[in-house]
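# Observations on the model geometry
Spelled out, the chains give:
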Amino acid sequence: MPKEKVYVPVVEPKTTSCVEYIELGRTVTPQPVFKKDTIRVRLLQRSLGNPAETFDTEKHWEYDVPWPVEEVKVEEVVAEKQPVKKNLLQKITNA
């Protein structure tokens, strides 16, 4: 039996005193065959550590977010037992 994959949520970085993140674009592409959404993010990372040498870097991230698992209801069907009709051979042998 294959093990179920555990989804670890993606934590996007936050702006700090040394690094600033500016979101340039975000695209969400649903993929119904794989039951997930693919998210593509374009970011501008601005380094602020040294005020004399600040520089920008454009970054591209891509990650998947699975769809929530749908609970499937399983109903148990109980069939009523119908009386078994005996044929002529069974009546003769049991009598």
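Shown above is the structure to which this text applies.
Before going into details, it helps to say that this report is about the structure given with it. (Residues numbered from 1 in each chain as written. Predicted model: local features only at pLDDT ≥ 70, side-chain atom pairs only at ≥ 80, totals over all residues. Heavy atoms only, no water.)

## Quick notes on unusual backbone geometry
Backbone geometry follows two general trends: most residues other than glycine have a negative phi, and most peptide bonds adopt the trans configuration. Even without being glycine, Lys35 reaches a positive phi, approximately 55 degrees. Within the secondary structure layout, Lys35 lies in the loop between strand E1 (19-31) and strand E2 (36-47). Residue class for Lys35 comes out exposed when judged on its relative accessible area of 56%. (Helix = DSSP H or I, 4+ residues; strand = E, 2+ residues; numbered from the N terminus. Buried < 20%, exposed > 50% of the residue type's maximum accessible area, 1.4 Å probe, protein only.)

## What to know about the sheet that holds strand E3 (residues 55-66)
Taking strand neighbours across the sheet as the criterion, the three strands line up as E1-E2-E3 in an open arrangement whose pairing is antiparallel. The open sheet terminates on both sides in strands that have one partner only, identified here as E1 and E3. For this sheet the average axis-to-axis angle between neighbouring strands, irrespective of direction, equals 15 degrees. Two strands pair when backbone bridges link them, and E1 and E2 are joined in this way by twelve bridges, in the antiparallel orientation. (Pairing = 2+ DSSP bridges. Axes fitted to C-alpha atoms, helices over the stretch in contact; angles between N-to-C directions.)

## Digging into the pattern of salt bridges
Under the defined criterion, the tally for this structure stands at seven salt bridges. A salt bridge links Arg46 to Glu20; the shortest N-O distance between them is 3.9 Å. Placement of Arg46 in strand E2 and of Glu20 in strand E1 is noted, with a sequence separation of 26 residues between them. Take Arg46: its relative accessible area is 26%, and that puts it in the partly exposed class. The class for Glu20 is partly exposed, based on a relative accessible area of 26%. The salt bridge involving Glu58 is made with Arg42; its shortest N-O contact spans 3.1 Å. (Salt bridge = Lys/Arg side-chain N within 4 Å of Asp/Glu carboxyl O.)

## Details of the environment of Glu75
Residue position: Glu75 is located in the loop between E3 and helix H1 (88-94). With a relative accessible area of 68%, Glu75 lands in the exposed category. Separated by 62 residues in sequence, Glu75 and Pro13 place their C-alpha atoms 45 Å apart.

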